[in-house]
Amino acid sequence: MTDATRDYFVHDTALVATDRIGAGTRIWAFCNIQRDVTIGRDCNICDHCSIEPNVVVGDRVTVKNGVSLWDGMTIEDDVFIGPNAVFTNDVFPRSKKPLDQPDRTLLRQGATIGANAVVVAGRVIGRWAFIGAGAVVTRDAGDFTLWLGNPARPVGYVCRCARRLPVAYEDEVTGDSRSVTCECGLEYRIDVDGVTELS
Ligand SMILES: [Zn+2]
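Caption draft 1: View of the environment of D176. Among the structural elements, D176 can be located in the loop between β21 (153–157) and β22 (178–181). Its 6 C-beta neighbours within 10 Å are what place D176 among the exposed residues. Counting along the chain gives 41 residues from D176 to A135, while the straight-line C-alpha distance between them is 31 Å.

Structural data, given as structure tokens:
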């Protein structure tokens, strides 16, 4: 529903226990957004999403249908989470074992998590990194890297525009730096420090 006192939208069927939600954000049907959750501006939280206390979501984030975000997760600006992507917050889960401190997961700015991918607890997904559909990520993903498979492996680099960059992946870049231009026109340098935007 929309009322005059707030500038974000909550569907009539959603449960929302926080008012720390930025302008222009839309929370769709059958979501459960718990207390102490912070959501930024112009986000889209689609049907059947669940967000636990202490989760922080940045601006312009898209969370497609059927995603749960657990205590311990931080999602920076411009992240895309595909439908039914799965996260966890306990690397040693057992029934009836209290979780004193969640294992933290960080999705950095612009990262994409593909549909039905899994990111296990405690991992960092780098800026503008791209996790392919169905990948199972058990390691940290560097900025602008592309990960596929189970267990997911880095297989290439991606542009901000999400196209794959025309350069081979190297586990450890040791030689000369390489410059590469995406077909969209954005330019990057790849060297021992990783991927740097030039434009
Ligand atoms: Zn591009």
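Caption draft 2: Region of interest: the sheet that holds strand β2 (residues 15–16). Taken in spatial order, the four strands line up as β2-β4-β7-β10 in an open sheet, and their pairing is parallel. With partners counted over all chains shown, the strands left at the sheet margins are β2 and β10 (68–69), one partner each. Relative to strand β4 (residues 32–33), β2 is paired through two bridges, and the arrangement is parallel. Bridged to V16 within β4 is I33.

Caption draft 3: Just the pairing of strand β24 (residues 194–197), in detail. In this sheet, β24 lies alongside strand β23 (residues 187–191) in antiparallel orientation, the contact comprising four bridges. Looking at the pairing, Y188 lines up with E197 of β24. Once β23 ends, the chain turns through two residues before running back antiparallel as β24.

Cut-off values and rules
- Residues numbered from 1 in each chain as written.
- Predicted model: local features only at pLDDT ≥ 70, side-chain atom pairs only at ≥ 80, totals over all residues.
- Helix = DSSP H or I, 4+ residues; strand = E, 2+ residues; numbered from the N terminus.
- Buried ≥ 20, exposed ≤ 12 C-beta atoms within 10 Å, placed from the backbone.
- Pairing = 2+ DSSP bridges.

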